[in-house]
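Understanding the architecture of this molecule
So the chains spell out like this:
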Amino acid sequence: EQLFGSKDTAEEESQSASALRALEEARSKAYEAVRSVRQQLDDNVVRMQELTAQIADRAAVLARLEQDFGAQWLGAGFASEADFNACRIPSAGREALEQQAAVLDSKGTELKTMRRDKEGRLAAETAKALTSEEADTVQASLDEAKALLDAATQQAAAVNAQLDMNATNRGNAQQLLERIATQQKVSERWQRLHTLIGSADGKKYRNFAQGLTLEIMVSHANQQLRKLSDRYLLIRDREQPLELNVVDNYQAGEIRSTKNLSGGESFIVSLALALGLSGMSSQNIRVDSLFLDEGFGTLDEDALEMALATLAGLRQDGKMIGLISHVPAIRERINTRIMVQPVREGRSELSGPGCKGY
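Residues numbered from 1 in each chain as written. Predicted model: local features only at pLDDT ≥ 70, side-chain atom pairs only at ≥ 80, totals over all residues. Heavy atoms only, no water.

As for the overall build of the protein chain
Regarding its fold elements, the protein chain presents eight helices and seven strands. Against the compact-globule benchmark of 21 Å for 358 residues, the protein chain has a radius of gyration of 52 Å, which places it well outside the compact range. Overall size of the protein chain, expressed as C-alpha extent along the three principal axes, is 155 × 55 × 40 Å. Split into buried and exposed, the 358 residues of the protein chain put 17% on the buried side. The contacts of the protein chain with a sequence gap of at least 6 include a subset with a gap of at least 24, amounting to 48%. As presented, the protein chain carries roughly 26,800 Å² of accessible surface, and 54% of it is formed by carbon and sulfur atoms. Each charge class in the protein chain was averaged separately, 43 positive and 52 negative side chains, and the resulting centres sit 7 Å apart. (Helix = DSSP H or I, 4+ residues; strand = E, 2+ residues; numbered from the N terminus. Rg over C-alpha atoms; globule rule 2.2 N^0.38 Å. Buried < 20%, exposed > 50% of the residue type's maximum accessible area, 1.4 Å probe, protein only. Contact = heavy atoms within 4.5 Å. Areas by Shrake-Rupley, 256 points an atom, 1.4 Å probe, with all protein chains shown as cover. Lys, Arg positive; Asp, Glu negative; His and termini not counted. Charge placed at Lys NZ, Arg CZ, Asp CG, Glu CD.)

Okay, here's the thing in C-alpha cells:
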C-alpha cells in the first residue's frame, strides 16, 4: 500500500506497458538511425583515407620544392641560406613579394597540375577516339562535370554535419538505453509481485484461500447429496472458482448451472450444502441444531420422503432438526410440533410443548 496506494493496478499496468512499448519503438528507431550513420561514417573513413594519401603526395612535392629552393640559392652564389636571407629586401617589401610569389606559385602549381591533367585527359580521350563532337559540346560536358564536383563537395559538407549529429544521437541513444534498463527493472519487480500475490488488494490470494474452503464444503455437501439423490453431484465452476455447477447423472453427466435448477432441485442442493456446512463446522465446534425454513412445498412426494428420511437420520445421530413449513405432509410426519395461529392485530398464538400464552 505504501508503494502503490489506491491506484488502479490495471490502469497503471496498461500505462507502464504503453510507456514500455513507446520506449521500445524509440529504441528501435534509434538503433536504425545509428546503423545508418555508422554506414555513412564508414564511407567517410574511406574518403578520409583517400585524402590522407593525397596529403602524403603533396608532402613529397613540398620536400622536392624545398630541395629545389636550396639548389636555387646555391646556384645564385650564396654560401649559405643565411647569406641569402641577409641579402633579402626589407621585411615589408619582402612580405608583399612573398605573398605575391606564393599566390603566383600556387596559381602556377594549380595551372601546371591542371595542364598535366588536361593533357593527360586529352591524350587519353584522343587515344580513345570516342567522339567527334565539337568543342562547345565537350565544354558543356566539362561544365556538367564541374557541377557534379560542386555537388560532391556540398555532399561532403552534409556528411560532416551528419557526423556531428551522429555524435549527438549516440549520446541520446545511451540515455534512452539507460532509461529502458531502469524501466525494465521496475517492470520485473512488479511482475514478481504480481506472480506472488496477484494484485494490490489480495484478491487472487483471497480467491485461492476461499476456493480451498469451498472445495472442502463441496466434498461434505456431496456426501450428503448422495443420501438425498443419486442424480446430482456438485462441482466448482472452472472459469469462476467460487461458483458452483451441478452434474446431472440422469442427463449423461451434463454440467448445469445452479441458477437453472428447479424449485425442488434447488431445495435438495441447498439442503445438501447446509448439511455439508454443518458437517464441516463440526470439525472445530459441535453443531447440534439445524433449522430449515420452508422449501418443502417445491418437492414432489418422492423427493419429500427422501429429504425427511435424511433429516430423520441426522436426528438419530443426536442432532436436533427444526422444520418451519405449511406442508400438511410435514405435520403428519412430525410428532413434536409448535403451532403458530394468527389471532388479531398482528399477534399470533403459540401452542405446543413448552409454549403458553401469546
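That was the structure; now back to the text.
Digging into the pattern of salt bridges
Per the counting criterion, the structure on display carries eight salt bridges. Close ionic contact of Arg-115 with Glu-119 constitutes a salt bridge, the shortest N to O distance being 2.9 Å. Of this pair, Arg-115 and Glu-119 both sit in helix H3 (residues 91-128), four residues apart, which is roughly one turn of that helix. The exposure class assigned to Arg-115 is exposed, which follows from its relative accessible area of 57%. The exposure class of Glu-119 is partly exposed, given its relative accessible area of 42%. With a closest N to O distance of 4.0 Å, Asp-117 and Arg-121 form a salt bridge. Of this pair, Asp-117 and Arg-121 both sit in helix H3, four residues apart, which is roughly one turn of the helix. Each of Arg-231, Asp-248 and Arg-256 takes part in one network of salt bridges that share partners. (Salt bridge = Lys/Arg side-chain N within 4 Å of Asp/Glu carboxyl O.)

Some words on helix H1 (residues 9-75)
With 67 residues, H1 extends 95 Å from end C-alpha to end C-alpha; this agrees with the ideal 99 Å at 1.5 Å per step. Listing the buried residues of H1 in full gives Leu-20, Leu-23, Ala-30, Val-34, Val-37, Asn-44, Gly-70 and Trp-73. (Expected span 1.5 Å × (residues − 1).)

Structural notes on the sheet that holds strand S1 (residues 232-236)
Ordered by their spatial adjacency, three strands build an open sheet running S1-S2-S3, and the pairing between neighbours is antiparallel. The open sheet is flanked by S1 and strand S3 (254-257), the only strands paired with a single partner. Within the sheet, the average angular offset between the axes of one strand and its neighbour, ignoring direction, is 35°. Pairing analysis gives four bridges linking strand S2 (residues 244-248) to S3, with the strands arranged antiparallel. If you follow Asp-248 over to S3, its bridge partner there is Glu-254. Relative to the sheet, helix H5 (residues 203-228) contacts S1 and S2, its axis offset from that of S1 by approximately 175°. (Pairing = 2+ DSSP bridges. Axes fitted to C-alpha atoms, helices over the stretch in contact; angles between N-to-C directions.)

Looking at the environment of Glu-178
Note that Glu-178 resides in helix H4 (residues 135-197). Judged by relative accessible area, which is 46%, Glu-178 ranks as partly exposed.

Section: unusual backbone geometry
Both trends apply: most residues other than glycine have a negative phi, and most peptide bonds are in trans. Phi angles above zero are rare outside glycine, and Ala-252 is one such case at about 60°. Tracing the backbone through its elements, the reader meets Ala-252 in the loop between S2 and S3. A relative accessible area of 80% places Ala-252 in the exposed class.

Quick word on the confidence of the model for the protein chain
Residue-level pLDDT values for the protein chain average 81, and 91% of them are 70 or greater. Highest mean pLDDT in the protein chain belongs to H1 (89); lowest belongs to helix H7 (residues 301-316) (71). (pLDDT = per-residue confidence, 0-100.)

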